[in-house]
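Fold and contact review
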Amino acid sequence: MSKALWVLVPAELTLVGCLLAGVAVPAPVIWAAEAVVLTVVVVEAVVVRRRYKAARLAGAERRAALARAVEAAVPATVRRLLVNEARGLTSLVRWVARRRHGVREGDLAASYTGPQTAMMYGFLFVSVVETVALAMLIPWPVVHMILLVLDVYGVVMVLAMHAGCVTRPHVVGADGSLLVRWGVLFDMPIASGLITAARVERRYPDGSLVRIDEPGGTLDLIVGGQTTVRVELSEPVGFVRPMGGRGTATVVRFHADDPAALVARLKAPLADGGLSDGIAPRVA
């Protein structure tokens, strides 16, 4: 039943958008759609309640029991998508307010949007042109409004994705810790004591946003088809992929618009305390 959420949630959003836009949707269609949604919600609520009771009987606390129940009823991918979308919309607010997430006084915020900004605005331009073209070509009002809602939603999500990258930069803490990020989709905190080496290293790897070389434990976080910083770790550090998968890495390669400044900031803690364990830092 939880798989029905993949269809019902977009369908419900489209219906609401049509109603708000003034489209005359037949009453039987509205009642049928709401009846289906209500049925799914009731079934999901029953499943959550049963899972919650079972977890409580097993000795779990209320919050933990509720978390287990929701995890059992809602697919992990759906939960991840909803969380990412919520974070993206929040990033839009931060972008307008010119505020950054997770950057404290004394931290270095390293942007990484340079190689992808033009591409993001290109997507926005194409989406707007598509919206206008469809408005002129499609004669059926209901179909036009459905596509309009989807197009506007797509534009907002592209803006939210870019806003997430702008407002959530890489962060080098005052203590030498490192937070490697890509918008709302990827966060990898690395404690300063685990960093043994860092250097500027420009590479042009193939692949998607996150790529892991399993034998070597090397993680590539690719932006605009490139990485510019290499960080080596004393032990594997865990990370969560954009859709919830997990992995570990002992080498992290990622992009920063000013890689020399980021590496230089990492260099100070390594030079001060990185030699205590006999590991010589290599920072270029």
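That block above? That's the structure.
What this report covers is the structure whose coordinates are included nearby. For clarity, every value in this text was computed on a predicted model and none was experimentally measured. (Residues numbered from 1 in each chain as written. Predicted model: local features only at pLDDT ≥ 70, side-chain atom pairs only at ≥ 80, totals over all residues. Heavy atoms only, no water.)

1. Remarks on the overall build of the chain
Check the secondary structure of the chain and you find seven helices and nine strands. Going through the 284 residues of the chain one by one, you find that 37% of them count as buried. Intrachain contacts of the chain at a sequence separation of at least 6 include 67% that bridge at least 24 residues. As displayed, the chain has an accessible area near 15900 Å², and 64% of this comes from carbon and sulfur atoms. (Helix = DSSP H or I, 4+ residues; strand = E, 2+ residues; numbered from the N terminus. Buried < 20%, exposed > 50% of the residue type's maximum accessible area, 1.4 Å probe, protein only. Contact = heavy atoms within 4.5 Å. Areas by Shrake-Rupley, 256 points an atom, 1.4 Å probe, with all protein chains shown as cover.)

2. Here's the deal with helix 5 (residues 114–137)
Taking 1.5 Å as the rise per residue, helix 5 with 24 residues should run 34 Å; its terminal C-alpha atoms sit 36 Å apart, in good agreement. For helix 5, the full list of buried residues reads Gln116, Met120, Leu124, Ser127 and Thr131. In this structure, the buried residues of helix 5 make contact with helix 6 (141–167) and strand 3 (178–182). (Expected span 1.5 Å × (residues − 1).)

3. Focus on the pattern of salt bridges
Scanning the model with the defined rule gives 10 salt bridges in all. Between arginine 199 and glutamate 201 there is a salt bridge; the shortest N-O distance is 3.2 Å. Aspartate 220 is the salt-bridge partner of arginine 253, the closest N and O atoms lying 2.7 Å from each other. Here arginine 253, found in strand 9 (residues 246–254), pairs with aspartate 220, found in strand 7 (residues 218–221); they are 33 residues apart in sequence, far enough to count as distant. Residue classification places arginine 253 among the buried positions, given a relative accessible area of 11%. Exposure remark for aspartate 220: the relative accessible area of 1% places this residue in the buried category. Through salt bridges with shared partners, a single ionic network connects Arg199, Glu201, Arg230 and Glu232. (Salt bridge = Lys/Arg side-chain N within 4 Å of Asp/Glu carboxyl O.)

4. Re the environment of valine 152
Along the chain, valine 152 turns up in helix 6. Classification of valine 152 by relative accessible area gives partly exposed; the value is 43%. Separated by 25 residues in sequence, valine 152 and serine 127 have C-alpha atoms that sit 8.4 Å apart.

5. So, the environment of alanine 268
On the secondary structure map, alanine 268 appears in helix 7 (residues 259–273). According to the relative accessible area criterion, alanine 268 is partly exposed, its value standing at 39%. Expressed as a C-alpha distance, the spacing of alanine 268 and alanine 174, which sit 94 residues apart in the sequence, is 9.9 Å.

6. Notes on the nonpolar core
One finds Trp182, Met188 and Ile190 to be the most contacted residues of the largest nonpolar core, which totals 37 residues. No other element matches the five residues that strand 8 (residues 227–240) contributes to this core. Sequence-distant contacts of methionine 188, defined by excluding residues within four places in its chain, comprise Leu178, Leu179, Val180, Leu219, Val237, Gly238, Phe239, Ala249 and Val252. (Core = buried A, V, L, I, M, F, W, Y, C linked by side-chain atoms within 4.5 Å.)

7. Remarks on a nonpolar patch on the surface
Side chains of Val128, Val132, Met136 and Leu137 sit close together on the surface and give an oily, nonpolar patch of about 440 Å² of accessible area. Tracing the sequence through the fold places leucine 137 in helix 5. The exposure class assigned to leucine 137 is exposed, which follows from its relative accessible area of 67%. (Patch = residues over 30% accessible without salt bridge, like charges linked within 9 Å, V, L, I, M, F, W, Y side chains within 5 Å.)

8. What to know about the pairing of strand 9
Bridging between strand 7 and strand 9 involves four bridges; their strand directions are parallel. Bridge pairing in strand 9 links aspartate 220 to arginine 253. For strand 8 and strand 9, the ladder comprises eight bridges, and the chain directions are antiparallel. Residue pairing in the sheet places valine 240 in a bridge with arginine 246 of strand 9. Hairpin connection between strand 8 and strand 9: a loop of five residues separates the two successive antiparallel strands, and glycine 244 in this loop has a positive phi of roughly 105°. (Pairing = 2+ DSSP bridges.)

9. A short note on the sheet that holds strand 5 (residues 195–203)
A sheet is described by the order of its strands in space; here five strands give the open sequence 5-8-9-7-6, paired in mixed fashion. Where the open sheet ends on each side, the last strands, each with one partner, are strand 5 and strand 6 (210–213). Shown here is a sheet whose adjacent strand axes are inclined to one another by a mean of 35°, direction ignored. The pairing of strand 5 with strand 8 spans six bridges and is antiparallel. By the bridge assignment for strand 8, arginine 203 is matched with threonine 227. (Axes fitted to C-alpha atoms, helices over the stretch in contact; angles between N-to-C directions.)

10. What about the side chain of asparagine 84?
Mapped onto the elements, asparagine 84 comes out in helix 4 (residues 76–97). Judged by relative accessible area, asparagine 84 falls into the buried class, the value being 7%. Once residues lying within four places of it in the same chain are set aside, the contact partners of asparagine 84 are Val184, Leu185 and Pro242.

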